[in-house]
Number of protein chains: 2
Amino acid sequence: MVTIKDVAKLADVSIATVSRVINGYAHVRPEVRDAVNKAIDSLGYRRNGLASSFRTQQSNIVGVLLRQQRTPFSSALAYAIETTMFDQGYRVLLCSTNGDADREQAYLETMLDMRVQGIIIRPSATTARTVKQVATLRERGVSVAFVDMKPKIASISSVVCDNFSGGYQGMRHLIELGHRKIGVVAGGIAQRGGSQDVGSERVRGIRQAAHDLADDVEIVFSHPFDTASFEVGREAGQAMITGNPDITAIFGTTDMLAIGVMHAAHALGLDLPRDLSILGYDGVLESAVTFPTLSTIAQPIHEMGQIAAMTLIDHMREASKSPRQVVLENTLVQRASTIPLET
Amino acid sequence: MVTIKDVAKLADVSIATVSRVINGYAHVRPEVRDAVNKAIDSLGYRRNGLASSFRTQQSNIVGVLLRQQRTPFSSALAYAIETTMFDQGYRVLLCSTNGDADREQAYLETMLDMRVQGIIIRPSATTARTVKQVATLRERGVSVAFVDMKPKIASISSVVCDNFSGGYQGMRHLIELGHRKIGVVAGGIAQRGGSQDVGSERVRGIRQAAHDLADDVEIVFSHPFDTASFEVGREAGQAMITGNPDITAIFGTTDMLAIGVMHAAHALGLDLPRDLSILGYDGVLESAVTFPTLSTIAQPIHEMGQIAAMTLIDHMREASKSPRQVVLENTLVQRASTIPLET
DNA sequence: TCTTGTTTTGAAAACGTTTACAAGATAGCG
DNA sequence: CGCTATCTTGTAAACGTTTTCAAAACAAGA
């Protein structure tokens, strides 16, 4: 393996000079610089990243800790973060904890061991524990940013969507279409803990909209305290439709949930969207692919990832940077699954 | 930051002994071991991963280079690889090149700089270039494994599915259902290059099955030389259905392609699956979620990832291990979108 | 020419660990 | 008790880079 020493010898300079050339420092005579570069090329020298990271005690790696990885939302988020980081010269150590607290712990330790400069976390259920660990992280000089969950500690930067407003918008959409008896399938709330969590916020927005916008709205809630998956949506949807045949619209607080509802409706022989309007939440790719295509409250997932990445980068480059809490707006994407109530 | 020296001082031993304890070497007296461990705990010492990686010139990081990241297939694969690696004590540097050769190059260099022990690659279009780079990698002692593409160099391990057999199975399924005029939407072939690529293999299997199993089968091909996306499938499907109204089944060589076809069929007012059977390929989550649910040739994606990971680990642990080419079987998952031809 | 200031360069230390080597301690054996 | 073999421990070098410090070279001003 060719080292900086070999380059120095060939170019007939000291290793310090080679280092200066490599790192683009000033105060190197142009002809020396050229000679060094020539030596580097001819030897095929590559800087030993391990050595330089060791010496400077920092790698250009940032950790990204997601609680899932296979879901459309998570992978879109991961992609956004990764590309942004790449463009800024950082590399990403991607870790999916899959809700396992031990894994989360193990990954955080690995990250610490590797002296990552910063970490982006989409916290899982065990938030309390995570937050405590985050405190430890910051003591060690690691920058931290949360995504998709506002931390209780105000000193941590975060990027979230306004889920209250999203829920509100969605409900308003259904009400404006004339629906008055509306089902809400709100999954995955309990396990996310806290009252400030994503799912509860959406439900809060839904209630508020119903309260604000019409006197005669009736909401039927279904709270499958489970993951917000397709199967859960189907089961909840089936129960809801059979139990409340007069419902004219169902709002799933997750696209996958809504798609599950859609399947239940199909299976029960309903003609969509004529017999039942269905609204989703997230705006993942899959929502564009259902039949009928799913109207949904879209989250700016890519933007979330980008902003989270840039926020973290700001903190890493300038430790004194004060934390910022970014809140992004969700927007209604109207497709084919929601139509005006036929009278 | 507390170092091994501090621990040594507190435990009143040499740093060599501490190192031995940390790394679990033999020849340390139990009481000394305990004392060191106690010192470690009381100081909150954590081994500096950067330093030890530097010293040993290897990190426990493996690189995973995928050409995409947002697709269901890729994220399922990434997840499988990552969890397997984690369980084996390795950490994953995940990189999505997004088909960009420069990015691929940049990532490979980063990986080299970080002295990753091994790399798993799902090669992109620029295979020739990649293969050349891989040669360089191996000179530098980095183990390499391919996934989802059999490399031309026999010395590289790989894990692929038998796409020929998959295509064959799919076609047989449709023929056995009585279909005789069958459309095939085969996307994303050209850009993968080579004749040995995934898409072409599937088409080969399809042709062979038609040839073997019935004299009177007519196949209509559509080759959108583009990514195998939903939109492409929809456009190709629309053209195919309107151009060949007597087709009774369509085989998409990718689930997303097939789902696109399904949408085209819906849009044209066809009643699925009565008017048209549709078959997909991949078995991604989304295929279970369409309406009607999509019959598909399912790939054992998780298994592919697992085996790729374990293969790479074998190579890393024992460099002399001879390469192995694993070929996995695809299996037909029959759902609602394919039914017998009504006569 | 001498002084002063600036630019350019090299020598050497340092980062925190692992590990080769040697030495000290202990045990086993005759 | 003395010798050897084995176990346990410490010393010190090494890994490849960055960076401090100081010296050398040069330029400019007097």
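Below, the structure is looked at part by part.

Cut-offs used in this document
Residues numbered from 1 in each chain as written. Chains lettered and ligands numbered in written order. Predicted model: local features only at pLDDT ≥ 70, side-chain atom pairs only at ≥ 80, totals over all residues. Heavy atoms only, no water. Helix = DSSP H or I, 4+ residues; strand = E, 2+ residues; numbered from the N terminus. Rg over C-alpha atoms; globule rule 2.2 N^0.38 Å. Buried < 20%, exposed > 50% of the residue type's maximum accessible area, 1.4 Å probe, protein only. Contact = heavy atoms within 4.5 Å. Buried area = accessible area lost by both parts, 1.4 Å probe. Salt bridge = Lys/Arg side-chain N within 4 Å of Asp/Glu carboxyl O. Polar contact = N/O pair within 3.5 Å; in protein donor to acceptor, adjacent residues only side chain to side chain. Nonpolar A, V, L, I, M, F, W, Y, C, P; charged D, E, K, R; others polar. Least-squares fit on C-alpha atoms with pLDDT ≥ 70 in both. Pairing = 2+ DSSP bridges. Axes fitted to C-alpha atoms, helices over the stretch in contact; angles between N-to-C directions.

**Quick notes on the overall build of chain A**
Scanning chain A for helices and strands turns up twelve helices and twelve strands. The globule rule puts the C-alpha radius of gyration for 343 residues at 20 Å, and the 26 Å found for chain A is more than 25% above it. With the C-alpha coordinates of chain A rotated into their principal frame, the extents come out at 90 × 35 × 30 Å. Burial statistics for chain A: of 343 residues in total, 56% are counted as buried.

**Observations regarding the interface of chain B and chain A**
At the junction of the two partners, chain B supplies 50 residues and chain A supplies 52 residues. Approximately 4900 Å² of surface area, both sides summed, lies buried where chain B meets chain A, with 60% of it carried by carbon and sulfur atoms. For chain B, the biggest contributors to the area lost against chain A are Arg46, Leu50 and Tyr79 of chain B; these three give 15% of the whole. On inspection of chain B and its partner chain A, the count reaches eight salt bridges. Where chain B packs against chain A, one counts 19 residue pairs in polar contact (both at pLDDT 80 or more). Among the elements of the structure, α4 (49-56), α5 (72-87), β2 (91-96), α6 (101-113) and α11 (255-267) of chain B are those that each provide at least two residues to the side of chain B that touches chain A. Top contributing element to the side of chain B that touches chain A by residue count: α5 of chain B, with seven residues. Split into classes, the residues belonging to the side of chain B that touches chain A amount to 22 nonpolar, 16 polar and twelve charged.

**Thoughts on the relation of the copies chain B and chain A**
Superposing chain B onto chain A takes a rotation of 180° combined with a translation of 0.0 Å along the rotation axis, leaving an RMSD of 0.1 Å. Put plainly, the chains are arranged around a two-fold axis. The position closest to the rotation axis in chain B is occupied by the C-alpha of leucine 93 of chain B, lying 2.4 Å away. A shared interface surface links the copies, since 100% of the contact residues of chain B are contact residues in chain A too.

**Things to note about the environment of glutamine 68 of chain B**
Considering the arrangement of structural elements, one finds glutamine 68 of chain B in the loop between β1 (61-66) and α5. If we ignore the near neighbours within four places in the chain, the residues touching glutamine 68 of chain B are Ser74, Ser96 and Arg122 of chain B.

**Concerning the pairing of strand β3 (residues 118-121) of chain B**
Residue and element names in this part refer to chain B. Alternating positions in β3 separate into two faces, Gly118 and Ile120 on one and Ile119 and Ile121 on the other, with burial throughout. As paired strands, β1 and β3 are joined by four bridges and run parallel to one another. Paired with valine 64 across the two strands is isoleucine 120, which belongs to β3. When β3 meets strand β4 (residues 143-147), the two strands line up parallel, connected through four bridges. Paired with glycine 118 across the strands is serine 143, a residue of β4.

**Here's the deal with the sheet that holds strand β12 (residues 331-333) of chain A**
Strand pairing in a sheet takes place through backbone hydrogen bonds and is either antiparallel or parallel in direction. Residue and element names in this part refer to chain A. The strand order β7-β6-β8-β9-β10-β12 describes an open sheet built from six strands, whose pairing is mixed. Across the chains shown, the open sheet's two edge strands, defined by having one partner strand only, are β7 (218-222) and β12. Taken over all neighbouring pairs, the strand axes of this sheet differ in orientation by 20° on average, direction set aside. When strand β9 (residues 277-282) meets strand β10 (residues 295-298), the two strands line up parallel, connected through four bridges. When the sheet's bridge partners are listed, leucine 279 is paired in β10 with serine 295. On the sheet, helix α9 (residues 198-213) packs against β6 (181-185), β7, β8 (249-252) and β9 and is oriented at approximately 165° with respect to β7.

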